[in-house]
Amino acid sequence: MKHVVSVSGGKDSTATYCRAIERGLPFRAVAADTGNEHPATYEAVNTLHEKTGGPKVEWVKADFADRIAGKRRFIERNWEDHGVPADLVARALDVLHPTGNPFLDLCLWKGRFPSRKAQFCTAELKVMPIDKQVTRPLLATGATVISWQGVRAAESIVRRDLPPFQRLVSHNDLPGRLYVFRPLLRVTSVDEVFAIARRHGVEPNPLYGWGLKRVGCFPCINCSKAELALVDRRFPEQVDRLEEWERLVSEACKRGHATFFAIVNDPIMRDEWVDLDRSGNIPNDLIGAGFGVRRMVEWAKTDRGGRQYSLLNDQLHQDIGTACNEWGMCG
Ligand code: SF4
C-alpha cells in the first residue's frame with residue numbers, strides 16, 4: 001500500500017502531512033509547481049521535512065512544450081486561411097515558445113487565462129501532473145494507492161457530504177486501486193488545523209499573516225478584491241509579472257488580447273466590454289486600451305460607487321469553494 005500526501009504550502013495540506021507523520025506509516029509527499037506561487041510558499045514546502053522529520057516533498061511540474069509546438073503547427077497551417085491578419089500570425093509564432101513556467105506556458109498554449117467558468121488551471125497544473133507523474137506510475141505497478149487530501153467538511157457546502165474514505169474508479173485501466181483519504185474532514189476550526197502543524201514545529205505560511213485567506217497561486221484567478229489590493233500593496237512586482245504575462249498571452253491569442261482576471265467579472269468593465277463587443281470595434285490591443293490586471297488593481301483599491309464588487313465574494317468563496325480547494329490543493 002502506498003500513501004501519497006498532496007502538499008500546497010497551505011494550512012490544510014500541511015496539517016494533513018503532519019497527520020500522516022502521526023500515523024507512523026511511510027508516505028510520499030508531492031506538490032505541484034504552478035510557476036505562480038509566492039516565494040514564501042516554495043520555502044514552506046521545501047523546508048517541511050526539516051521542521052517535521054517527515055519525507056521531503058517532491059515537486060511535479062506540467063510541461064506544455066509538445067502542446068505549444070502543436071499550436072504553432074496549427075497556426076502556421078490555418079490562421080491566415082481563417083482571416084487572421086499576417087502580422088498577428090507572425091506575432092503569435094514569435095511568442096509561442098515554452099518558457100518553462102507552467103502557468104504561463106498553459107496560457108500561451110490556450111491563448112487565454114483560466115477563469116472561474118473555465119478553470120482549466122487546477123486540472124492542467126495540479127491534478128494531472130500529480131496523476132501522471134506519481135499516481136498512475138504507482139497504480140501501474142499494481143499498488144493500492146491512498147491519496148491523502150486536506151479538505152474539511154466545515155469549509156464549504158460542496159465538502160459537507162464528502163466521505164472520509166472513498167474508492168475512485170477513475171483509473172480502472174490500471175491494475176492498482178486508488179482511494180482518497182480525507183483525515184481533516186471532521187476538523188472544524190482553522191485554529192485546530194494550525195495547532196496540528198504547530199505540534200510538529202511548523203508555523204503558518206506567512207501569507208496568512210499578511211491577510212490572504214488561501215495559499216495557492218499568488219494571486220489566484222479567484223482571489224478576492226481585498227486580496228488583490230493586498231498583493232499590489234505588499235508585492236507590486238507580482239502585478240508587474242502578471243502585466244507582462246498578459247502582454248505575452250495577448251500576442252499568442254487570435255483576438256490579440258487576454259487578461260489575467262476575467263474582465264466580465266467587474267460590473268463597470270463588463271459594460272464597457274459588452275459595448276466593445278456589440279460595436280464590433282474591439283481594439284487589437286485591449287491592454288493598451290486600459291483593460292487588464294493593472295486596471296483591476298486600481299479598481300481593487302477603491303471602496304465606493306459601483307466598484308464594491310468582489311472578484312469572488314469572500315462568502316461565496318467560502319460557501320462553494322474552488323476547484324483547487326475541492327482537491328485540497330490550496331488552503
Ligand atoms: S490556485 Fe487559483 S489560479 Fe492557481 S491553479 Fe488553483 S484555481 Fe487556478
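Per chain, the residues get numbers from 1 upward, laid out in the order the sequence is written. Residue-level local features of this predicted model are given only where pLDDT is at least 70; pairs of side-chain atoms are given and counted only at 80 or more, and the full residue set underlies all totals for whole chains, interfaces and linings. As a convention, hydrogens and water are excluded, and side-chain values are obtained from all of the structure's heavy atoms.

If you check an unreviewed UniProt entry, the protein chain appears there as Phosphoadenosine phosphosulfate reductase from Fulvimarina endophytica.

**Things to note about helix H13 (residues 293–300)**
Each residue is assigned to one of three classes by its accessible area relative to the maximum for its type, calculated with a 1.4 Å probe on protein chains only: buried under 20%, partly exposed between the two thresholds, exposed over 50%. Helix and strand definitions follow DSSP, with helices as H or I runs of at least four residues and strands as E runs of at least two, each counted in order from the N terminus. Of all eight residues in H13, six are buried; the element is thus mostly enclosed. Those residues of H13 that fall on the buried side of the exposure criterion are Val 293, Arg 295, Met 296, Val 297, Trp 299 and Ala 300.

**A few points about the environment of Ala 123**
Turning to its location among the elements, Ala 123 is positioned in helix H7 (residues 120–140). With relative accessibility at 32%, the residue Ala 123 sits in the partly exposed group. In what follows, residue pairs with any heavy atoms lying within 4.5 Å of each other are defined as contacts. The residues contacting Ala 123, other than those within four sequence positions of it, are Met 128 and Pro 129.

**Description of the environment of Val 202**
Topologically, Val 202 is positioned in the loop between helix H8 (190–198) and helix H9 (206–209). Residue Val 202 is classed as buried on the basis of its relative accessible area, which comes to 5%. Separated by 187 residues in the primary sequence, Val 202 and Ala 15 place their C-alpha atoms 9.2 Å from one another. For Val 202, the contacting residues outside a window of four places in its chain are Thr 14, Leu 48, Lys 51, Thr 52 and Ala 197.

**Here we look at unusual backbone geometry**
Following Phe 218, the chain continues to Pro 219 via a peptide bond in cis, the omega torsion being 0°. Considering the arrangement of structural elements, one finds Pro 219 in the loop between H9 and helix H10 (225–234).

**A look at the packing of helix H6 (residues 102–110) against helix H11 (residues 236–251)**
The interhelical angle for the contact between H6 and H11, taken along N-to-C directions, is 30°, at an axis separation of 8 Å. It follows that H6 is roughly parallel to H11 by the angle criterion. Handedness of the H6/H11 crossing: right-handed. Side by side, H6 and H11 meet where Phe 103, Leu 104, Cys 107 and Leu 108 of the first sit next to Trp 245, Leu 248 and Val 249 of the second. To define axes, lines are fitted to C-alpha atoms, for helices over the stretch in contact only, and angles between the resulting N-to-C directions are given on a 0 to 180 degree scale. These descriptions rest on fixed angle ranges, namely under 35 degrees for roughly parallel, over 145 for roughly antiparallel, 65 to 115 for roughly perpendicular, and the rest for oblique. We call a crossing left-handed when the near helix sits turned anticlockwise from the far one by less than a right angle, and right-handed when that turn is clockwise.

**Quick look at H8**
Those residues of H8 that sit buried are Val 193, Phe 194, Ile 196 and Ala 197. Down the axis of H8, the buried set is contained in an arc of 150°. They therefore lie on one face. Looking at the buried side of H8, the elements it contacts are helix H1 (11–23) and H9. Each C-beta atom gives one direction from the helix axis, and the arc is the one those directions make.

**Regarding the nonpolar core**
The nonpolar core is taken to be a set of buried Ala, Val, Leu, Ile, Met, Phe, Trp, Tyr and Cys residues, with the residues joined through side-chain atoms within 4.5 Å. Counting 49 residues, the largest nonpolar core has Phe 103, Leu 108 and Phe 113 as the members making the most contacts within it. Of all elements in the fold, only helix H4 (65–78), helix H5 (86–95), H6, H7, H9, H10, H11 and H13 reach the threshold of two or more residues within this core. Mapped onto the domain boundaries, this core takes at least three residues apiece from domain 1 (2–62 + 121–209) and domain 2 (225–311). Once you skip the residues sitting within four places of it in the chain, Leu 108 turns out to touch Ile 68, Lys 71, Val 95, Leu 96, His 97, Thr 99, Leu 248, Val 249 and Ala 252. Counting 22 residues, the second largest nonpolar core, distinct from the first, contains Ala 20, Ala 31, Phe 181 and Val 193. Just so you know, the domain bounds were taken from an automatic or database domain assignment.

**Quick look at the packing of aromatic side chains**
Between 30 and 60 degrees the pair is tilted, below 30 it is stacked and above 60 it is edge-to-face, where a pair is any two Phe, Tyr or Trp rings, Trp via its six-membered ring, whose centres lie within 6.5 Å. Taken as a whole and assessed by the stated rule, the structure comprises 13 aromatic pairs. Taking the centre distance of 5.5 Å and the plane angle of 75° together, the rings of Phe 194 and Tyr 208 count as edge-to-face. In this pair, Phe 194 sits in helix H8 while Tyr 208 sits in helix H9, placing the two residues 14 residues apart along the sequence. You can call Tyr 208 buried: its relative accessible area is 14%. Consider the rings of Trp 210 and Phe 235, whose centres lie 5.1 Å apart with planes at 50°: the pair is tilted. Of this pair, Trp 210 sits in the loop between H9 and H10 while Phe 235 is found in the loop between H10 and H11, placing the two residues 25 residues apart along the sequence. Taking relative accessible area as the criterion, Trp 210 reaches 24% and is therefore assigned partly exposed. An aromatic cluster is defined as three or more aromatic residues linked by ring pairs; in this entry it consists of Phe 103, Phe 113, Trp 245, Phe 260 and Phe 261. In this structure, Lys 110 packs its charged tip against the face of Phe 120, placed 4.7 Å from the ring centre. Against the face of Tyr 179 rests Arg 167, its NZ or CZ located 5.9 Å from the ring centre. The rule for a charge over a ring is simple: NZ of Lys or CZ of Arg within 6 Å of the ring centre, and within 35 degrees of the ring normal.

**Brief notes about the sheet that holds strand S1 (residues 2–6)**
Strand pairing follows a simple DSSP-based rule, namely that at least 2 bridges must link the two strands. Across the sheet, which stays open at both edges, the six strands sit in the order S3-S2-S1-S4-S6-S5 with mixed pairing between neighbours. A strand with exactly one partner marks an edge of an open sheet, and here the two such strands are strand S3 (57–60) and strand S5 (165–168). Taken over all neighbouring pairs, the strand axes of this sheet differ in orientation by 30° on average, direction set aside. Here strand S2 (residues 27–32) pairs with S3 via four bridges, running parallel. Considered in S3, the bridge of Ala 32 is made with Val 60.

**So, the confidence of the model for the protein chain**
For every residue, the predictor assigns a confidence score, pLDDT, that lies between 0 and 100. The pLDDT averaged across the protein chain works out to 87; a share of 83% of its residues lies at or above 70. Counted against residues more than four places away or in other chains, residues 304–321, with its pLDDT under 50, gives 48 contacts.

**Focus on the pairing of strand S4 (residues 144–148)**
Across the five residues that make up S4, a large majority, four, are buried. Pairing of S1 with S4, which is carried by four bridges, proceeds in the parallel orientation. When the bridges of S4 are listed, Lys 2 appears paired with Val 145. Looking at chain direction, S4 and strand S6 (residues 177–181) are connected through five bridges and run parallel. Paired with Ser 147 across the bridge in S6 is Val 180.

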